[in-house]
Amino acid sequence: MPSLFGRGAVAVPKKRPYLLWMRARSSHPHVRGSGLLTVLALLVALPSCAPESSEGIAQSESPIIGGAPDTQHNGVVSLLKQVEHGFYPACSGTLITQNLVLTAHHCVAPLSSGSTASVECGETQFEATDLPRSIRVSVEQSVGMGGLAPFRVAEVWVPPGNNDVCGRDIALLLLAGDGVPASLATPIAPRLETKLQPEEDFLAIGYGLQDPKDETGETAGERMISTDAQVFCNGVACGTGLVEESEFVASSPVCSGDSGGPAIDGNGLVSGVTSRGDVQCTVGIYSSVAAWKDFILDKTFLAAQSGNYVPPIWAGTPPPGYVSAVDPLGLSCNGACSLGYGCWSASSMPPGICVPPCGFGLAECPSGYSCDAELAVCTPAAPPPREDDQGCAMSAPQSSRGAALLGLALLALQVARRRLRQA
């Protein structure tokens, strides 16, 4: 049966088809009441972790509890999964370059348990990833309400190695074409060198449900933010088999639909990816971004080549043999710039010059430029002089203008020679 919606439509299914929030459980009864569960009791009363129990680090159907609508971090995006009549907002993610989205592995792959509602570390594994065509990415603050068509996904990338869920819940999505224009969203750089530390504060952002009683998913798809999340422990220091070395535990109000969303540190960098949490939506387990530095850098350079843009400064030195795009900084433009740059003009009229985006964890502006906070682009400290804009009909092509100037120069030289002979 043909779809009743356009290809970019956001559907509201009668029953929520994806429960993208994972319940972790341990097969070791001695874990109960010890290690992580004991110390976390100081923050929240967690239920037991016996395998026969439906409790534990568990599924929930609430949004970022106590959060507020987030209109600032437009680099945090919604992942839409295909359903019968369109695409449903099922997960969250972060745009780290104009065409590369960081998210959770379980947002793009089913589990061997047959459900994302239950995960047992060491046993539950990821199955084959979803087809790229079944996923869309929306940059709207409220999905489907801003009139912006979601972006297509060209590739789904997951880390090499085994398919264990715990400790490997991270993925990257390559967007088709040039990706997201700088005018619509500002990428957020990842924190690749150091992990978040205990007691370090961060922002928790995601598109989870806003009504814990919502059984249809109608309240999903609005970007929400909590400003008081904090790291509790890292990896093995948490003292439990529920957390791997590449993960951390935090007091964070993330829930169903927030999976894949970021933990953003005090410097505006993406430091964690939401994986799973407790039934009360007060504790979250995150994949540490720094633990996947090599994976992220490798795909960042591939994404830059795919989108034909200059790799971000935070990616560092390109690998041997890498062919980089030409930096368009300062090149003339008439309303559009390739490579993720914006076209800026002091008069707000074309022609202008290509300038890079700035703010929200991006690299500092090039020498001679400063960040315009309102426009979110780097503008010249002293705008270069421009010729009067007489319109295209009045301007000779560059090659013709150059030939005319050359002719005048030769004529002047001939006149000068005659005068020298007469003298």
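Up top is the structure.
Residues numbered from 1 in each chain as written. Predicted model: local features only at pLDDT ≥ 70, side-chain atom pairs only at ≥ 80, totals over all residues. Heavy atoms only, no water.

Student: Describe the pairing of strand S9 (residues 171-175), and please don't skip the residues or the numbers.
Tutor: Burial analysis of S9 places five of its five residues in the buried class, which makes it a mostly covered element. Going residue by residue along S9, you find Ala171, Leu173 and Leu175 tucked away on one face and Leu172 and Leu174 tucked away on the opposite face as well. Both strand S8 (residues 151-157) and S9 contribute to a ladder of four bridges, which runs antiparallel. Among the inter-strand pairings, Val153 is bridged to a residue of S9, identified as Leu175. (Buried < 20%, exposed > 50% of the residue type's maximum accessible area, 1.4 Å probe, protein only. Helix = DSSP H or I, 4+ residues; strand = E, 2+ residues; numbered from the N terminus. Pairing = 2+ DSSP bridges.)

Student: Tell me about unusual backbone geometry, residues and numbers included.
Tutor: Residue Pro351 follows Pro350 across a cis peptide bond; omega there is 0°. By the secondary structure assignment, Pro351 is in the loop between strand S17 (342-344) and strand S18 (352-355). Its identity is not glycine, yet Glu199 carries a phi of approximately 75°, on the positive side. Examined against the element boundaries, Glu199 turns out to sit in the loop between S9 and strand S10 (201-206). Even without a glycine there, the phi angle at Ser348 is positive, about 65°. In this structure, Ser348 sits in the loop between S17 and S18. A relative accessible area of 64% means that Ser348 is categorised as exposed.

Student: Describe the pattern of salt bridges, and please don't skip the residues or the numbers.
Tutor: Tallied over the full model, the rule gives eight salt bridges. With a closest N to O distance of 3.6 Å, Lys195 and Glu245 form a salt bridge. Taken as a pair, Lys195 in the loop between S9 and S10 and Glu245 in the loop between strand S11 (224-234) and strand S12 (247-251) lie far apart in primary sequence, 50 residues in all. Residue Lys195 is classed as partly exposed on the basis of its relative accessible area of 24%. Ionic contacts of the salt-bridge type, sharing partners, join the residues Arg191, Glu200 and Asp265 into one network. (Salt bridge = Lys/Arg side-chain N within 4 Å of Asp/Glu carboxyl O.)

Student: Any chance you could break down the sheet that holds S8 for me, citing the residues and the numbers?
Tutor: Strand pairing in a sheet is mediated by backbone hydrogen bonds. Such pairs are either parallel or antiparallel. Read around the closed barrel, the six strands follow the order S3-S4-S5-S9-S8-S7; overall the barrel is antiparallel. Shown here is a sheet whose adjacent strand axes are inclined to one another by a mean of 45°, direction ignored. With four bridges joining them, strand S3 (residues 76-83) and strand S7 (residues 135-138) adopt antiparallel strand pairing. For Leu79, the partnering residue across the bridge sits in S7 and is Val137. Across the sheet, helix H2 (residues 293-307) lies against strand S4 (86-97), strand S5 (100-103), S8 and S9, angled at about 5° from S9, the strand it touches most. (Axes fitted to C-alpha atoms, helices over the stretch in contact; angles between N-to-C directions. Contact = heavy atoms within 4.5 Å.)

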